[in-house]
Structures are given as structure tokens and as C-alpha cells.
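Given next are the chains, with one letter for each unit.
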Amino acid sequence: MDSSVQEDRQAIRQAVRELCKDFPSAYWRDIDKYEKYPQDFVNALTASEYLAVLIPEEYGGAGLGVTEAGIILEEINRSGGNPGACHAQMYTMGTLLRHGSEEQKRRYLPAIAKGDLRLQAFAVTEPNAGSETTRIETRAVRKGDRYIVNGQKIFISRAKQSDLMLLLARTTPYDELKDKTQGLSVFLVDMRNVKGNMQIDPLDMMVNHHTNTIFFEDVEVPVENRIGEEGKGFRYIIDGWNVERILVASEAIGDGRWFIDRASSYARDRVVFGRPIGANQGIQFPIAQAYARVEAADLMRFDAAAKFDRKEKCGAEANMAKLLASEASWEAANVCLNTYGGYGFARDYDVERKFRETRLLTVAPVSNNLGLAFLGQNVLGMPKSY
Ligand SMILES: Cc1cc2nc3c(=O)[nH]c(=O)nc-3n(C[C@H](O)[C@H](O)[C@H](O)COP(=O)(O)OP(=O)(O)OC[C@H]3O[C@@H](n4cnc5c(N)ncnc54)[C@H](O)[C@@H]3O)c2cc1C
């Protein structure tokens, strides 16, 4: 790799570390404990333009790759923070960028790049469909120059902190379709001025993602806010999944490194039975093992990101990166908790908070079982379970 590219990436890493120093563990502890939205952190990240790195320069962004975006998120997690409150502002716009009309891109992307418009709500999951996205039931029925939306979504993060929402809805009834991946369409819903009734009810979750149930009752969406062709929405959404998986893998790597740093440092300092607990192989080896797994997952993350940035197929690598990184980080979390003993359960040490936060990454935005199914079925050619 070109050494100037490497230097640029190192500079981003360093700059994000500096920014994160203003948001120490005590800040995140408070956000978690009182379930607040980390507005000051989001403002700082927006002002630094890190949330706009994936937007091309012609639309006001930095025009960088998913490799750089991943480094930014990794460093936030590694600092002890959590970018879940705003990470979707980075990548949700990808559907608009890849499949929107030029007019839509000019209308929205520059304002998203500046942070004047928040597009960080992404509404796919439904109670009756779960991981089987092609079974969603929320209907969008065309009436002249608008669609009328009725239905329900669940687990929709940041809906109350977003101006726009990317919505996947059904435009053709399921039983009228030959190809079940057709019949869904993507819409950009302007939540600042909704016509109809859109009820957003916060869910009480183990981790603070500002996650909601959303009910749509005769919500009107102008036809001009449909992205791409009617009925092709599932393909457009799938198209964004690789980026999301690579970025979530990067966050998991950041968490994994945070746990290893904390665990090894505590194991060096904590003296019991007259010696540092890290001298005991029962403590030392699990930390070393978790470290090796995090580092191995990191190689897969960079491989997936490089392929994506070279516009090569990367479905297998993106799925493997997300799977390996989230599992490595979860292992590191458990090892860190064991290393801290009882102190690991005390909120002041941050381990229990990060433990809960990193656990989510094995389940959302996609469950690791679905990643394994992708590998088993699409890469290894075994029979499909769905
Ligand atoms: C904090 C949080 C934030 C979220 N934010 C969003 C958001 O912003 N937008 C959004 O659209 N969604 C969001 N989600 C939803 C998330 O994407 C889903 O929870 C996830 O995709 C799994 O769907 P499900 O919960 O319905 O599980 P289900 O589909 O009911 O699955 C339950 C279990 O069965 C397994 N399973 C199902 N089918 C198979 C199979 N064929 N083979 C093997 N195993 C299988 C799954 O892997 C899982 O372990 C969020 C979830 C959480 C927890």
C-alpha cells in the first residue's frame, strides 16, 4: 500500500483519538445510566465531518472509503465510547447514493454531509417477519402522486433523532409475486412533516440505542421520495448490507481492543496471593487468546473493506468479518469481566456497560446465524434453510 495512504489513515486514527478524549468514560457512563442521547458527542463528530466521509466530494463529503469509515468507528469504540447513536448517519445514505436519482442526491446529500439533515433511521425489521425480510407486511399503496403507508416496524433505532427515515415497504402483495425478493420498495420519509399518523414508541432495551416501535397509519409519502424503481427495494437494501457489516466489524474490533487493554492492564496491577493475577495462566492465557482472535478478525475486516473500496464482490468477507469480529469482541468482553472479578460488575469500571454494548453486535444489525447461513449456502453450496 502507498505509504501516503497509510499515513493518512494513521492521521485519521490519531485525530479521532484526540476528539474522543473530550468524551471520557464518565461521559458514556452517564449517557448509559440515564439513557440520554449523546448529543454533544454527535455534534462534535458532525463538526469534525467524520460522519460524512463516505459521501463523495461532489455532494459535500470527504469521498473516502469504508476502510477509513471503519477506522473512525473502531477508534470511538476503542476509546470506551459508542457510536451507535449516530453511526447510521454515515452509511444509511448509501442506498440514496447508489440508487437515488441525481435530483434526489442533489436535494439531500449536501445537507446530510453538513449534518443539517439527519438520515440515521433505517426501518426494515417487523414483528411478523424478523430476519425474513422478504416477508415484511407494511404496505405502501400508490394513490396518484403519493403512496399511503400502513403497518408496523420494530427495533427502529434513532427514529426520534432523525429528520429522514429510509423505509422498506411492500408495494405488491406477497402472494401475487413469483420472485419473493421483488415487490418491496424503498422510500425516503421526511419525518419533519409527516402527513398521516406515525407513532414512535421507545422500547426499553438492554443497550441504549434509542430503539422504537413505529406504527404507520395512512402516512403519505410523495412518489418523488421513492428511491429507484418500484418493487426493487430488497435488492437496494441488500446492497448496503456489506458496508454495514464491515463497519459493525470495525466497531467490534474497537471494543475487543478496549477489553484487551483493560484486562491486561488490570491483570498486571491487581495483586492477590502476593502476585499480580496476570502471572496466573488461568488469567493470562484467556487474555492472550482473545487478543489473537481480535487481531485475526481485524485482518478479515481490512480484507473486506479493501475489496469493497476496490468495488470487488465482498459478501463472503463482509459476513466473515462481522461474524469473527463480533465473536472475538464478545470473547474479550467475557475474559475482561473474569479478569476484573467482582469489580467487573461495578458500573464505575465501565466493563459491564461495554459488555452489554458489544453483545449486541452478535445479534444486530444481523444475527450471526444469518452470516453463517450466507457462508454455508452461498459460499459452500449447502442446502438453504430459507
Ligand atoms: C438494539 C437493536 C437495534 C436495532 N436497530 C434496528 C434498526 O435501526 N432498523 C431495523 O430495521 N432493525 C433493527 N434491529 C433489528 C435487528 O436487525 C433484528 O433484531 C435482527 O435482524 C434479528 O431479527 P429478529 O430479532 O426478528 O430475530 P428472528 O428473526 O426472530 O430470529 C431469532 C433467532 O433465530 C435465528 N434464526 C432465524 N432464522 C434462522 C435460520 N434460517 N437459520 C438459523 N437461525 C435462524 C436468528 O439468527 C436469531 O438468533 C435492531 C435490533 C436491536 C436489538
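Here we summarise the structure given alongside this text. (Residues numbered from 1 in each chain as written. Predicted model: local features only at pLDDT ≥ 70, side-chain atom pairs only at ≥ 80, totals over all residues. Heavy atoms only, no water.)

1. Details of the site of the ligand
In the vicinity of the ligand lie 19 residues, with F122, T125, S131, F155 and S367 positioned nearest. A distance of 2.9 Å is found between a nitrogen atom of the ligand and a side-chain nitrogen or oxygen belonging to S157. For the ligand, an oxygen atom lies 3.0 Å from a polar atom in the backbone of P365. For the ligand, the accessible surface in isolation is 980 Å², of which the surrounding protein chains cover 66%. Elements represented by at least two residues in the shell around the ligand include exactly β3 (146-157) and α12 (368-379). If one sorts the elements of the shell around the ligand by residue count, β3 sits on top with three residues. (Near = heavy atom within 4 Å. Polar contact = N/O pair within 3.5 Å; in protein donor to acceptor, adjacent residues only side chain to side chain. Areas by Shrake-Rupley, 256 points an atom, 1.4 Å probe, with all protein chains shown as cover. Helix = DSSP H or I, 4+ residues; strand = E, 2+ residues; numbered from the N terminus.)

2. Side note on the environment of R226
Position of R226 relative to the elements: it lies in strand β8 (residues 226-227). Note: C-alpha distance between R226 and V271 (45 residues apart in sequence) is 62 Å. Among the polar contacts listed, one links the side chain of R226 to the side chain of Y147, at a separation of 2.9 Å.

3. Some remarks on the side chain of H210
Among the structural elements, H210 can be located in the loop between β6 (195-202) and β7 (211-222). You can call H210 buried: its relative accessible area is 16%. What H210 contacts, discounting residues up to four positions off in sequence, is E35, K36, Y37, P38, I156, S157, R158, A159 and Q161. (Buried < 20%, exposed > 50% of the residue type's maximum accessible area, 1.4 Å probe, protein only. Contact = heavy atoms within 4.5 Å.)

4. Describing the packing of helix α1 (residues 3-21) against helix α4 (residues 66-78)
Between two packed helices, both the angle of their axes relative to each other and the distance between the axes serve to describe the pair. Axis separation between α1 and α4 bottoms out at 9 Å; the angle between their running directions is 35 degrees. Where α1 crosses over α4, the two elements pack in a sense that is right-handed. Between α1, through R9, I12, R13, V16, R17 and C20, and α4, the contact on the second element is made entirely by T67, E68, I71, I72, E74, E75, I76 and R78. For the contact of α1 with α4, the residue count by class is six nonpolar, one polar and seven charged. (Axes fitted to C-alpha atoms, helices over the stretch in contact; angles between N-to-C directions. Left-handed = near helix turned anticlockwise from the far one by under 90°. Nonpolar A, V, L, I, M, F, W, Y, C, P; charged D, E, K, R; others polar.)

5. Section: the packing of helix α8 (residues 233-269) against helix α9 (residues 281-309)
At a minimum axis separation of 9 Å, α8 and α9 run at an interaxial angle of 155 degrees. When the interaxial angle is binned, α8 and α9 end up roughly antiparallel. In this structure, α8 crosses over α9, and the sense of that crossing is left-handed. Residue-level contacts link N242, V243, I246, A249, S250, I253, G256, R257, I260, A263, S264 and A267 of α8 to I283, I287, A290, Y291, V294, E295, A297, D298, R301, A304, A305 and F308 of α9. Residues that form the contact of α8 with α9 fall into these classes: 16 nonpolar, four polar and four charged. (Parallel < 35°, antiparallel > 145°, perpendicular 65-115°, else oblique.)

Read these as geometric descriptors, not functional statements.
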